[in-house]
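Next come the chains, spelled out residue by residue.
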Amino acid sequence: MNGRPAPRVVEALNGALHRLFDERPSLHLLGEDVLDPYGGAFKVTRGLSTRHPDRVIGTPISEAGITGVAGGLALAGDQAVVEMMFGDFAALAFDQVLNLISKSVTMYGERVPMPVVVRCPVGGNRGYGPTHSQSVQKHFLGIPNLALYETSPFHDPYAQLAEGLDHGPAMLFEDKVLYTRRVFRDGVVDEDHGYTLLGGPTGWAHITPVDAAPADVVLMCPGGTAHRALDAARLLRDRGLTTHVLVPARLYPPDLEPVLPLLAGARLVAVAEESTAGGTWGAEIAARVHGRIWAELRAPVTLLSSADSVVPTAPHLEAGVLLGAERIADEIETAAARSLPPRASAVPVPAGGPPAATGPQVAPVPTAPAPDVAEPAGVEPVGGVPVAVPKLNNNDTAYLVLQWLAEDGARIAEGDPLVEVETSKAVEEIVAPASGHLRVRAAEGTEVGVGELLAELFAEPPTAPTDAPSATPAGNPVAAAPLPPPASAPVPPPATVPGPAPRTHVLDRAQQGTAAVVTRAHQEVPAAFAAVEVEVDAVLARLRTLSDETGAEVGLPEAVVKAVAATHPTFPHLFGALLDERTVRLADTVDIGVTMDAGNGLYTPVLRDCAARSLADLSDDLMEFRMKAFRGEFTAGDLSGGTLTVSLNVEPGVLVVQPIVMWPQLCMVSIGGPLTRLVLAEGVPAPATVVTLGLAYDHRVVNGREAVGFLRAVADALHDPEQLVKLID
């Protein structure tokens, strides 16, 4: 594999346009603000107007006019690429696309070449609001002669643009979140997944687990949803479902021939896209798949879309509207459960086509597990549908039962939340796999191993209530008396005189998880604190240049993480964990947690191997973490394994932050917001930007002198010119 990092999608698009302009002397580009030095709103056209000043045309704000001129150039024998500043504005050019460009191909009695590609940045997750965040692909489906493409991290945009021009007209949709992500190459996605291309360079990317496990689920999605689909595939793998992902280069007209055998062999086929439901690419795919292989499908194609809403600006509201990985995984898991072979009492599905709609069907609660469902390890069936402990991460073999969310004996619907369990780094919610009456088998406050029995769901209500027993080491339920409260449990307050009920605030699940970590930290880690101030004007200026050079959004948080990682050879024990009162386990690699709070809870996802990776790579991961924080989609794997944590508090005006130390780590670094100070520069007062670096540290292992030395080393890496070059370059 090439040792150089893969380009970002924006760089691949820019390179494709440069290559096309070099190869095609009649090619023009039209759009608003596409001229250098601006180079387009997302820098896709950077450098083109400098190299080809006569063929790159900056235009007034008139999408209909721009697209009409492009059609005129094509009719006159030239070629044209149109850039919509935002894909939402393609609605203003709809008349030109529908009634001029697409129809001119065949309207004059003979086929007329129409080499026009309209490029459209689309999609949300950037906080741009209702009129700059839509996925408008569905509005252009089915127009005769018009081909639709979408960028992906698996496909070469040169092939898409070249095919679009040669067989035009066409539209290329570019999900804005992809611009800063790196493309995949050489068939490698990550250590768990690889990919191949089916049907040529503008065919389908087929993403599979590296162990080549056959597909339980085939998840089809456009390129902008591909990373969310991969995250969903990882979640589903932990839940026992192997998922293959299919990503097309061309949305319409779709070529299903290369992928039909894969679809026919799956337990479930699903389509996920960011647009709202109704007349979508996914609905078109489902209709074609049903028409071709209905008799071989085990369930209708599952369609997944964003909520029926405009896209809000506020990140937490936007995350609630747009389709995310967690919802993809949850709905696929539910649909896959329903795709099992029907029981003898179920109505068979006719082989010749889908059954007529007869109203909603409710499956009865089985009295024993279905024959083709694997029994959870260590669970002895006792007459109901077992709710076993799933594997939630690779670090823990047992989890703590925090809180039952439903009463013992209550009637539960499939998918209802049942119980919260605590892993080493997160609080996870387990939902009901079927409908029925709940019988709790593991009490709150007990530890349960992976595969052990949490509860059962019965078709009939229990005849008599029983206390919830604890799980035995073997995992089989036994009767037990209610557990006594732990020694640290608070003493109930004395009775008070009746009066108005006090106002209360109930912590949400994310904050309850934070509370559990804080409680353990304060109980087990004797923390001390030190802080230093560092000037950051030089590093901020260099980071701005680096962002322009790489297309990554590199800021002070990435630089601090990198500077902290650079101290590992000098202060290795600060990155360790205390095994006993005299032994520290040292870390081989520097995996640094970073705090994320998007208004829906505090998370600490972990950046891997920070010492060996570039600032631009760390920036990519942080951008991914911010999107997951907005959507609340972190997995336990994202949040585990950190050797030290950096608390990011970079809002202006924040003076200093004293964090806790997160057990079993020994240190947490904090960074405050930028402040302006007057300093002497060659004897003359001058303004300087400073931030405060803090270090909370476990005083059993680290002393104050070491803590200050560590902070000085981090500060020097951010300020000293020679070290700054090493840090960034």
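Before reading on, note that the structure itself is shown above.
Rules behind the numbers
- Residues numbered from 1 in each chain as written.
- Predicted model: local features only at pLDDT ≥ 70, side-chain atom pairs only at ≥ 80, totals over all residues.
- Heavy atoms only, no water.
- Helix = DSSP H or I, 4+ residues; strand = E, 2+ residues; numbered from the N terminus.
- Expected span 1.5 Å × (residues − 1).
- Buried < 20%, exposed > 50% of the residue type's maximum accessible area, 1.4 Å probe, protein only.
- Core = buried A, V, L, I, M, F, W, Y, C linked by side-chain atoms within 4.5 Å.
- Contact = heavy atoms within 4.5 Å.
- Phe/Tyr/Trp six-rings, centres within 6.5 Å; stacked < 30°, edge-to-face > 60°.
- Lys NZ or Arg CZ within 6 Å of the ring centre and 35° of its normal.
- Axes fitted to C-alpha atoms, helices over the stretch in contact; angles between N-to-C directions.
- Parallel < 35°, antiparallel > 145°, perpendicular 65-115°, else oblique.
- Left-handed = near helix turned anticlockwise from the far one by under 90°.

Asks: I would appreciate a short explanation of helix H1 (residues 9–23) in the present structure.
Replies: Since the α-helix packs 3.6 residues into each turn, any two residues three or four apart lie on the same face. With 15 residues, H1 extends 21 Å between its outermost C-alpha atoms, agreeing within 8% with the 21 Å of an ideal straight helix rising 1.5 Å per residue. For H1, the full list of buried residues reads Val 9, Val 10, Ala 12, Leu 13, Asn 14, Ala 16, Leu 17, His 18, Leu 20 and Phe 21.

Asks: Would you mind going over the nonpolar core with me for this structure?
Replies: Formed by 59 residues in total, the largest nonpolar core has its most connected members in Val 564, Val 646, Leu 693, Leu 695, Phe 710 and Leu 718. Residues in contact with Phe 710, not counting those within four places in the same chain, are Val 564, Thr 567, Phe 571, Leu 574, Phe 575, Val 669 and Leu 695. Residues Leu 30, Ala 70, Val 105 and Cys 120 belong to the second largest nonpolar core, which totals 49 residues.

Asks: Where do I start with helix H3 (residues 63–75) in this structure?
Replies: Taking 1.5 Å as the rise per residue, H3 with 13 residues should run 18 Å; its terminal C-alpha atoms sit 19 Å apart, in good agreement. Glu 63, Ile 66, Thr 67, Gly 68, Ala 70, Gly 71, Leu 73 and Ala 74 are the residues of H3 that are buried. Where H3 is buried, its residues meet strand E1 (27–31), strand E3 (79–83), helix H4 (94–101) and strand E4 (116–122). Positive backbone phi, approximately 105 degrees, marks Gly 77, located one or two places after H3.

Asks: Help me understand the packing of aromatic side chains in this model?
Replies: Any two aromatic rings considered together are summarised by their centre-to-centre distance and by the angle between their planes. All told, the structure shown has ten aromatic pairs when counted by the stated rule. Both rings, one in Phe 94 and one in Phe 140, keep their centres 5.3 Å apart while their planes meet at 55 degrees; by these two values the pair is tilted. A residue pair is termed long-range when its members are at least 10 positions apart, and Phe 94 in helix H4 and Phe 140 in the loop between E4 and strand E5 (147–150) qualify at 46 residues. Exposure remark for Phe 94: the relative accessible area of 28% places this residue in the partly exposed category. Put simply, the rings of Phe 42, Phe 86, Phe 89, Tyr 128 and Tyr 179 pair up and form one aromatic cluster. One Lys or Arg, Arg 19, reaches over the ring of Tyr 158 and ends 3.5 Å from the middle of that ring.

Asks: What is the right way to read unusual backbone geometry from this model?
Replies: Leave glycine aside and you will find that most residues have negative phi; peptide bonds, for their part, are mostly trans. For the bond running from Asp 36 to Pro 37, omega is 10 degrees, close enough to zero to count as cis. Here Pro 37 is to be found in the loop between E1 and helix H2 (48–51). Of the consecutive residues Gly 168 and Pro 169, the connecting peptide bond is found in the cis state with omega at 10 degrees. Of note, Pro 169 is situated in the loop between helix H5 (157–166) and strand E6 (170–175). Despite not being glycine, Asp 186 has its phi angle at roughly 60 degrees, a positive value. Locating Asp 186 in the fold gives a position in the loop between E6 and strand E7 (193–198). The residue Ala 212 is not glycine, and still its phi comes out positive at about 60 degrees. Counting through the fold element by element, Ala 212 comes out in the loop between strand E8 (204–209) and strand E9 (217–220).

Asks: Even after reading the chapter, I still don't get the packing of H1 against H5, so can you show me in this structure?
Replies: The axes of two packed helices give the description: the angle between them and the distance between them. The interhelical angle for the contact between H1 and H5, taken along N-to-C directions, is 45 degrees, at an axis separation of 8 Å. Here H1 is positioned oblique relative to H5, judged by the angle of their axes. Here H1 runs over H5; the crossing is right-handed. Mapping the contact onto sequence places Ala 12, Leu 13, Ala 16, Leu 17, Arg 19, Leu 20 and Glu 23 in H1 and Pro 157, Tyr 158, Leu 161, Ala 162 and Leu 165 in H5.

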